[in-house]
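Residue-level structural notes
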Amino acid sequence: VHLLETNAQGWQHARVELSGCYQGLPAGASVQREVWLINDGGLAVVARDIFSALGKDVEVTTSWQGGDHLAWAFRDGWTRLSDGQHACWLGTVPGTLEPSALTRHPGSRGPLTLTHRAALPEGQGVRWWVFYFEPTAGWQPPYFEVRERALQLKAPGANPAGWTVE
């Protein structure tokens, strides 16, 4: 763990180096993940994956699994998982999430897996993941964008300012 902190708003933030989890990376390559737990007028988990020195024309594959009791839906580039009473919205920047990325885990009858693939032609880049938990199981996804190195997130019906993660 490279960083573990709680900021003035009570958001928890951690940064970990994941390079050791991947075999065959070039010398000097780095895969870091930062995670923020935000409980400030709503609950969200934001992750930022930072890739550097991975080599030319690398494809990064990220998979997320959902429980077999959850219904999957896709709207406006977001994935929605719901148990009928609550919803979890999953989004990524850059790009969108599409139904064609949803598969059943090989050899399984249970959970579905959402697999996202992204090309890194220069072997470096940043990918954001947002998990927004909606207690009312609504159908309107949050809004987010990246400006410079900061992600701005606005939950449906939230105040105009929303949250900024840097």
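Reading the values: the criteria
Residues numbered from 1 in each chain as written. Predicted model: local features only at pLDDT ≥ 70, side-chain atom pairs only at ≥ 80, totals over all residues. Heavy atoms only, no water. pLDDT = per-residue confidence, 0-100. Helix = DSSP H or I, 4+ residues; strand = E, 2+ residues; numbered from the N terminus. Phe/Tyr/Trp six-rings, centres within 6.5 Å; stacked < 30°, edge-to-face > 60°. Pairing = 2+ DSSP bridges. Axes fitted to C-alpha atoms, helices over the stretch in contact; angles between N-to-C directions. Buried < 20%, exposed > 50% of the residue type's maximum accessible area, 1.4 Å probe, protein only.

A closer look at the confidence of the model for the protein
Of the residues in the protein, 98% reach a pLDDT of 70 or more, and the chain-wide mean stands at 91. The secondary structure element of the protein with the lowest average pLDDT is strand 14 (residues 163–165), at 89, and the one with the highest is strand 7 (residues 78–82), at 97.

Considerations on unusual backbone geometry
The linkage connecting Val93 with the following residue, Pro94, adopts the cis geometry, with an omega of 0°. Relative to the assigned elements, Pro94 resides in the loop between strand 8 (87–93) and strand 9 (102–104). Look at Ala53: it is not a glycine, yet its phi comes out positive at around 55°. Within the element layout of this structure, Ala53 appears in the loop between strand 4 (43–52) and strand 5 (58–66).

Considerations on the packing of aromatic side chains
Across all of its chains, the model carries five aromatic pairs by this definition. With centroids separated by 4.9 Å and ring planes inclined at 75°, the aromatic side chains of Trp64 and Phe131 adopt a geometry described as edge-to-face. Remark: Phe131 occurs in strand 11 (residues 125–134) and Trp64 occurs in strand 5; sequence separation between them is 67 residues. Here Trp78 and Phe144 contribute two aromatic rings whose centre-to-centre distance is 4.6 Å and whose plane-to-plane angle is 40°, an arrangement assigned as tilted.

Things to note about the pairing of strand 1 (residues 3–6)
Relative to strand 2 (residues 12–17), strand 1 runs antiparallel, the two being bridged by four bridges. Bridge pairing in strand 2 links Glu5 to His13. Between strand 1 and strand 2, which follow one another and run antiparallel, lie five residues, and Gly10 among them has a positive phi close to 90°.

A closer look at the sheet that holds strand 1
Two modes of strand pairing occur in sheets, parallel and antiparallel, and in both the strands are linked by backbone hydrogen bonds. Read from one edge of the open sheet, eight strands run 1-2-3-4-11-8-7-6, paired in antiparallel fashion. In this open sheet, the two strands that pair with only one neighbour each are strand 1 and strand 6 (71–75). Strand after strand, the sheet turns through a mean of 15° between neighbouring axes, direction not considered. With five bridges connecting them, strand 6 and strand 7 associate as antiparallel partners. Residue pairing in the sheet places Ala71 in a bridge with Ser82 of strand 7.

Some details on the pairing of strand 5
Side chains Val58, Val60, Thr62, Trp64 and Gly66 of strand 5 all project onto a buried face; the interleaved residues Glu59, Thr61, Ser63 and Gln65 project onto a face where none is buried. The pairing of strand 5 with strand 10 (residues 112–120) spans nine bridges and is antiparallel. From the neighbouring strand, Gln65 faces strand 10, where its bridge partner is Thr113.

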